[in-house]
Amino acid sequence: MSAKSRGTAAESTPRSGMSRSLSFFLYLCCFFAGMFFTNRMWTMPSLDGIERNLDAKFKHETVVSEDHDSYPKAVVRTDDGLEETSELTNVIEPLDQTILDLERKLAAARAQQEATSTGSPLSGSSKIVRSTSKHKYFMVVGINTSFRSRKRRDSIRATWMPEGETRKKLEKEKGIVLRFVIGHSASPGGILDKAIEAEDMMHGDFLRLEHVEGYHELSGKTKTYFATAVSLWDAEFYVKVDDDIHVNLATLGMILSSHRRKSRVYIGCMKSGPVLAQKGVRYHEPEYWKFGAVGNRYFRHATGQLYAISKDLATYISVNQNLLHKYANEDVSLGSWFIGLDVEHVHDRRFCCGTPPDCEYRAQAGSTCAASFDWRCSGICNSSFRIMEVHERCKEGEDALWSSSF
């Protein structure tokens, strides 16, 4: 290195040291000055301010009240406080209804699929499925009948069941559907089925089921009836009645209309008969051991001559029909399907009046019967001949059905 360079380096060293000291001093001055002015200018916001901001931001926030005695309530926060607006039940109930509507659609789709896939020999059934409309009905009355009951059916048509255009008018104006309910024989397309088809062509008042007829198959027939009916008609109530029973339709309708606000209701003459373990007797229960010790009685259930269930229960049967157990007796089976469910059982003595003079006295006293029959025959004894007499003595007024508002 030259002498000039060494001299220059020696001279620059003290100047650089002074610059660093001066710079450090200035940095310290700036730091403390910054701290001083920052503490003067910035203040911690108050909690009140934060709450006001949150209130403004979440003015319409919904909260849930802790009411353990009922459904939680939805409330809205306002400037003046908490103002109750609605209950969560207003949200839950529409969701429940949506689920039920979906279940009904599923049941209808299942019924239509089965009719298509199985190649039903019943010409009328699949036609009915395709012609299903969205019309709302009040009640569907299915009259349980058999191949050998032509005289019974004719006697009903001649007494309490309207025919032809009058029956169609009843459906349109009152929302009351009436059908004889029957399946098919063990030999589909045989003489028995052809006789029913010919009768249906004449009257048009049958509901044909995908079911093989038989006395010991009544539980299965009942299940199939409700599943089919709920897929075809959107009604408030579904009724089953035997073809040897006298019915006053207006009285039946008025009774059902008084329960229309109940979503799951089971109406009939509730009984609790003995469980019959002895073979060979009528109403023998092969599964008697399920009901406890010999001599026990059944749970409460509606007698099989006439009963009604609400739409929700008919939908439940339709959706779960493959899981529901069938006991030997049809009315016991139906009652068992509702055990464990939140169902209201309604016992109404007007569903099981006796034949004259019982139903006649009741009619004169202003308490007209919905159904009349002989207990000893589980229906009107020799009904095809006697039902006309019962009708004349126990019927409701001529205009009762058309003047009633359901």
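Up top is the structure these notes are about.
Just so it is clear, the model here is predicted, and its values are computed rather than measured.

Each value, and the rule that gives it
Residues numbered from 1 in each chain as written. Predicted model: local features only at pLDDT ≥ 70, side-chain atom pairs only at ≥ 80, totals over all residues. Heavy atoms only, no water. Helix = DSSP H or I, 4+ residues; strand = E, 2+ residues; numbered from the N terminus. Buried < 20%, exposed > 50% of the residue type's maximum accessible area, 1.4 Å probe, protein only. Contact = heavy atoms within 4.5 Å. Areas by Shrake-Rupley, 256 points an atom, 1.4 Å probe, with all protein chains shown as cover. Pairing = 2+ DSSP bridges. Axes fitted to C-alpha atoms, helices over the stretch in contact; angles between N-to-C directions. Core = buried A, V, L, I, M, F, W, Y, C linked by side-chain atoms within 4.5 Å. Patch = residues over 30% accessible without salt bridge, like charges linked within 9 Å, V, L, I, M, F, W, Y side chains within 5 Å. Salt bridge = Lys/Arg side-chain N within 4 Å of Asp/Glu carboxyl O.

Undergrad: Break down the overall build of the chain for me, with residues and values.
TA: Across its full length, the chain holds 14 helices and 12 strands. In the chain, which comprises 406 residues, the proportion classed as buried is 42%. Put simply, of all contacts in the chain between residues at least 6 apart along the chain, 72% involve residues at least 24 apart. Carbon and sulfur atoms make up 55% of the accessible area of the chain, which totals about 23,400 Å².

Undergrad: Account for unusual backbone geometry, with residues named and values stated.
TA: For the bond running from Pro356 to Pro357, omega is 15°, close enough to zero to count as cis. Position of Pro357 among the secondary structure elements: in the loop between strand E11 (344-347) and helix H12 (358-364). The phi angle at Tyr283 is positive, at roughly 70°, despite the residue not being glycine. Positionally, Tyr283 belongs in the loop between strand E9 (265-271) and strand E10 (301-310).

Undergrad: Talk me through the sheet that holds strand E7 (residues 234-242); I want residue IDs and the actual numbers.
TA: Taken in spatial order, the seven strands line up as E6-E5-E4-E7-E10-E9-E11 in an open sheet, and their pairing is mixed. Strands with a single pairing partner mark the edges of an open sheet, and in this sheet they are strand E6 (206-212) and E11. Direction aside, neighbouring strands of the sheet carry axes that sit 25° apart on average. With four bridges joining them, strand E5 (residues 176-184) and E6 adopt parallel strand pairing.

Undergrad: Provide a residue-level description of the nonpolar core, including the pertinent values.
TA: Met139, Trp160, Leu252, Leu256 and Phe351 are the most contacted members of the largest nonpolar core, which totals 46 residues. Listing elements by their share of this core, those giving two or more residues are strand E4 (136-144), E5, E7, helix H9 (249-257), E9, E10, helix H13 (383-394) and helix H14 (400-403). Per element, the largest residue contribution to this core is five residues, and it comes from H9. Discounting chain neighbours no more than four positions away, the residues touching Leu256 are Phe138, Met139, Phe237, Val239, Ile267, Ala308 and Phe351. One finds Tyr137, Phe226, Val230 and Leu324 within the second-largest nonpolar core, a separate group that totals 27 residues.

Undergrad: Would you mind going over a nonpolar patch on the surface in detail, with residue names and values included?
TA: Together, Tyr288, Trp289 and Val294 line one region of the surface with nonpolar side chains, adding up to about 380 Å² of accessible area. Mapping Val294 onto the fold places it in the loop between E9 and E10. Under the relative-accessibility criterion, Val294 is labelled exposed at 71%.

Scope: geometric values only; no functional claims are made or implied.
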